[in-house]
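The lines below spell out each chain.
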Amino acid sequence: PTGWDSDTDLTYDPDTRKLYVDIYLVPDKFKFRGNNEWGQFDLGTVDADGYLQNGGDLSFEGSAGNYRVVLDLSNPREYTYSITAN
């Protein structure tokens, strides 16, 4: 929601071992990137197993509104995410 050249920081929850943000979303493309840069951590594609992979773009097709986005990096190389309406 803040554009491709800025970041939306996620908060780490040590109890769930996941990152999250509550944010206003509109239908559009997005991805997860790390360390405020494009490159090594650029999750934007879901493979056949349902895990996030580098490259590409994810797509949010829901109604505009406030959502909780959760990024689960707790299983090495089996990264997932969820988007739930608040």
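Below you will find a few notes about this structure. Everything numeric in this text was worked out from a predicted model, so none of it was measured.

About the criteria used
- Residues numbered from 1 in each chain as written.
- Predicted model: local features only at pLDDT ≥ 70, side-chain atom pairs only at ≥ 80, totals over all residues.
- Heavy atoms only, no water.
- Helix = DSSP H or I, 4+ residues; strand = E, 2+ residues; numbered from the N terminus.
- Buried < 20%, exposed > 50% of the residue type's maximum accessible area, 1.4 Å probe, protein only.
- Pairing = 2+ DSSP bridges.

## Things to note about unusual backbone geometry
- The phi dihedral of Arg17 falls on the positive side, at around 60°, and the residue is not glycine.
- Mapped onto the fold, Arg17 is located in the loop between strand S1 (11-13) and strand S2 (18-25).
- Overall, the relative accessible area of 48% leaves Arg17 in the partly exposed class.
- The residue Arg77 is not glycine, and still its phi comes out positive at about 65°.

## Some thoughts on the pairing of S2
- When S1 meets S2, the two strands line up antiparallel, connected through three bridges. Across the sheet, Thr11 pairs through a bridge with Tyr20, a residue of S2.
- In sequence, S1 turns back onto S2 through a hairpin of four residues, with Arg17 there showing a positive phi of about 60°.
- With seven bridges joining them, S2 and strand S8 (residues 65-72) adopt antiparallel strand pairing. Paired with Leu19 across the two strands is Leu71, which belongs to S8.

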